[in-house]
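Observations on the model geometry
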Amino acid sequence: MSCWIAGVQVQQVSHQLGSSSQESESCRMKKKLFLDVDTGVDDAQAIMMALAAPDVEILGISCCHGNTSLENALKNTLRVLKVCNRLDIPVYRGCAEPMLARQRHAGDFHGKDGLGDVPDPDPPSLDLLKKKAVQAMIKAVRENPGEVTLVATAPLTNLGVAVLLDPNFPKKLKALYIMGGNTESRGNTTVCGEFNFVADPEAAYIVLDRYTCPTYIATWEFSGRNSLPWSFCDDWLAQDTDKARFMEKISRHTREVIQTERYQKEMVGKSGFNACDAYALAAAIDDGLVTESEEVAVTVELEGTYTRGMMVVDYMGLLKKKHKAVIMKKVDLERFKQMLMNALK
Ligand code: RIB
Ligand code: CA
């Protein structure tokens, strides 16, 4: 492998200098990520997947209200970093509530505390937390223009505020990956609403309207149709590692809840292990993961009695939007499984 510096392939240079291939390997440019999360169980899966990827650097993690309160999302994110021995990664305090919508959480699914209500006997110190998530996100991208991939697995409040604070922020991003929204008006929270978009429809509208960088969306239907067999989940959690034992504990509540009739009804496609947020993260770090997608203009409904928060897909081009999002359709499931397995090694 090699990388290019000032137009010269490093391998050639290292070969001329007699360096080993390890040096050219170490020169390989790392993918720079900034994560925006509402750490619940699948956010934890996404974070652990990113930490296990050798060529990924996480510049920072901003937390947002969503699955649980902002305070819990912050604590949960630190807990995930601690089990991965990565408390060096900065965690920032973001928005505690949506821009306009009534606040909602998903405690029945993720547990009241967002991580399966599993007590933590030795919690990381909250002194590690940093303030001003949106400013930190803007700063990290300003310092790495064109190099940062933003992965959003929470309600989009922080991202909405970021573009209001700095209208040029999206232009400096390499790409934006979102877990959220829907393409067939299938809801998991309201009749027609996916949680992240329904939790802050105004923020989702602003993001889909103002972020004109390459934008990739892992929707609710997409994640359901690419869910994994429960037998894989059993093998995944049975790995003899501290990370697997941690994930087995925090995901137990969610796995029990999913088997109930109420949640079976909301499932799209065959019932299976749906690691929602991990699909967006995996696509962001592995260019070969998504095997089928479509480019189409999208927006978010803000008014409908039943449809507020629903993602609107403009196949007819009537909205005359220049910017089109890439809607993921299919992934290479074997690659995805391997990335999940690596996340808990
Ligand atoms: O609808 C699924 C999304 O809502 C995921 O991001 C999950 O963590 C919740 O935030
Ligand atoms: Ca999430």
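Note that the structure is a prediction, hence the values are computed from the model and not measured.

Some words on the site of ligand 1
All residues in the neighbourhood of ligand 1 are listed as D38, D42, D43, N67, H110, T153, M179, N188, E194, F195, N196 and D277. One nitrogen or oxygen atom from the side chain of D43 is found 3.0 Å from an oxygen atom belonging to ligand 1. Those elements that place two or more of their residues in the shell around ligand 1 are helix 3 (41-52) and helix 8 (195-199).

Focus: the side chain of E194
Structurally, the position occupied by E194 is in the loop between strand 7 (175-179) and helix 8. The buried charged residue E194 lacks any salt bridge partner; its closest oppositely charged side chain belongs to R104, at an N-O distance of 10 Å. At 2.8 Å, the side chain of E194 and the backbone nitrogen of G181 are in polar contact. Those residues in contact with E194, other than ones at most four positions away along the chain, are M179, G180, G181, N182, G187, N188, T189 and W220.

Describing the coordination of the calcium ion (ligand 2)
Looking at the calcium ion (ligand 2), the protein donor atoms are D38 (OD), D43 (OD), D43 (OD), T153 (O) and D277 (OD), and they sit 2.2 to 2.6 Å from it. For the calcium ion (ligand 2), all donor residues lie on one chain, and their spacing in sequence is D-x4-D-x109-T-x123-D. Here D38, found in the loop between strand 3 (31-37) and helix 3, pairs with T153, found in the loop between strand 6 (148-152) and helix 7 (157-165); they are 115 residues apart in sequence, far enough to count as distant. Look at D38 and you get buried, because its relative accessible area is 1%. Judged by relative accessible area, T153 falls into the buried class, the value being 2%.

Regarding the sheet that holds strand 3
Taken together, the eight strands give an open sheet; going across it, the order is 5-4-3-6-7-8-12-9, and neighbouring strands pair in mixed fashion. Two strands in the sheet have a free side with no partner beyond their single neighbour: strand 5 (91-93) and strand 9 (290-296). Neighbouring strand axes in the sheet, compared pairwise and without regard to direction, differ in orientation by 25° on average. Where helix 6 (residues 133-143) meets the sheet, it contacts strand 3, strand 4 (56-63), strand 5 and strand 6, and its direction lies at approximately 165° from that of strand 3.

Quick notes on the pattern of salt bridges
Evaluated as defined, the whole model comprises 20 salt bridges. A salt bridge links D120 to R79; its shortest N-O distance comes to 3.4 Å. Here the residue D120 occupies a position in the loop between helix 5 (107-110) and helix 6, and R79 occupies one in helix 4 (residues 70-83), the gap between them amounting to 41 residues. We note a salt bridge from R245 to D240, for which the minimum N-O separation is 2.6 Å. Since its relative accessible area comes to 65%, D240 is described here as exposed. Here the salt bridges do not stand alone but share partners, grouping R79, D113 and D120 into one network.

Some details on the packing of aromatic side chains
As enumerated under the stated definition, the model contains eight aromatic pairs in all. With centroids separated by 4.5 Å and ring planes inclined at 15°, the aromatic side chains of Y177 and Y216 adopt a geometry described as stacked. Here Y216 lies in strand 8 (residues 215-218) and Y177 lies in strand 7, a separation of 39 residues in the sequence. Its relative accessible area of 26% is what places Y216 among the partly exposed residues. Seen in terms of ring centroids, Y279 and F336 are 4.3 Å apart; in terms of plane orientation they differ by 15°. Their pairing is stacked. Of this pair, Y279 sits in helix 14 (residues 276-285) while F336 sits in helix 15 (residues 333-343); the two residues are 57 residues apart in sequence, bridging distant segments of the chain. Given the relative accessible area of 0%, F336 is considered buried.

Observations concerning the nonpolar core
Judged by nonpolar contacts, the single largest core of 70 residues is most densely connected at M49 and W236. Per element, the largest residue contribution to this core is nine residues, and it comes from helix 14. Residues contacting M49, with those up to four places away along its chain left out, are A278, L281, A282, I285, F336, M339, L340 and A343. With 37 residues, the next largest nonpolar core counts L159, I178, A204 and V207 among its residues.

Focus on the state of the cysteines
Structurally, a disulfide amounts to a covalent bond that connects the sulfur atoms of two cysteines. Across all of its chains, the model carries zero disulfides by this definition. With no disulfide of its own, C63 has C64 as its nearest cysteine by sulfur position, at a separation of 8.7 Å. Here C192 stays free of any disulfide, with the sulfur of C276 as its closest cysteine sulfur at 18 Å.

A few points about the confidence of the model for the protein
Taken residue by residue, the protein gives an average pLDDT of 92. The fraction at 70 or more is 92%. A low-confidence stretch, residues 1-19 (pLDDT under 50), is modelled with 22 contacts involving residues beyond four sequence positions or located in other chains.

Quick notes on the packing of helix 4 against helix 12 (residues 242-258)
Orientation of helix 4 relative to helix 12, taken along the N-to-C sense of each, is 150°, at an axis distance of 10 Å. Relative to helix 12, the element helix 4 lies roughly antiparallel. For the pair helix 4 and helix 12, the contacting residues are R79, V80 and V83 in the first and D242, K243 and F246 in the second.

Rules of the game
- Throughout, residues of each chain are indexed from 1 in the direction in which the sequence is written.
- Each chain gets a letter, beginning with A, and each ligand a number, beginning with 1, in the order they are written.
- For this predicted model, a pLDDT threshold of at least 70 governs which residues receive local features, and a threshold of 80 or more governs which side-chain atom pairs are given and counted, while totals over whole chains, interfaces and linings are taken from all residues.
- Heavy atoms throughout the structure, all of them, feed into the side-chain values; hydrogens and water do not.
- Being near a molecule or strand, for a residue, comes down to having at least one heavy atom within 4 Å of it.
- For the purposes of these results, a polar contact is taken to be a pair of N or O atoms within 3.5 Å, where, inside protein, one atom must be able to donate a hydrogen and its partner to accept one; residues adjacent in sequence count only when each atom of the pair is a side-chain atom.
- Starting at the N terminus, helices and strands are each numbered in turn, a helix being any DSSP run of H or I of at least four residues and a strand any DSSP run of E of at least two.
- Three exposure classes are used, based on accessible area relative to the maximum for each residue type with a 1.4 Å probe and protein chains only: buried under 20%, partly exposed in between, and exposed over 50%.
- Neither His nor the chain ends contribute to the count of charged residues, in which Lys and Arg are positive and Asp and Glu negative.
- Salt bridges are defined by distance alone: a side-chain nitrogen of Lys or Arg within 4 Å of a carboxyl oxygen of Asp or Glu.
- Contacts are assigned to residue pairs with any non-hydrogen atoms lying within 4.5 Å of each other.
- Coordinating donors are taken to be N, O and S atoms lying within 2.8 Å of the metal, or within 3.2 Å when the metal is Na, K or Ca; because water is excluded from the atom set, some sites may appear incomplete.
- A pair of strands is treated as paired once DSSP finds two or more bridges between them.
- Angles here are taken between N-to-C directions and fall from 0 to 180 degrees, while the axes themselves are lines fitted to C-alpha atoms, restricted in helices to the stretch in contact.
- Any pair of Phe, Tyr and Trp rings, taking the six-membered ring for Trp, is counted once the centres come within 6.5 Å. Such a pair is stacked with planes under 30 degrees apart, edge-to-face with planes over 60 apart, and tilted for the rest.
- Among buried residues, those of type Ala, Val, Leu, Ile, Met, Phe, Trp, Tyr and Cys that are joined through side-chain atoms within 4.5 Å constitute a nonpolar core.
- Whenever a pair of cysteine sulfur atoms sits within 2.5 Å, that pair is classed as a disulfide.
- The predictor rates its confidence in each residue with pLDDT, a number between 0 and 100.
- Under this scheme an angle from 65 to 115 degrees is roughly perpendicular, one under 35 degrees roughly parallel, and one over 145 degrees roughly antiparallel; angles in between are oblique.

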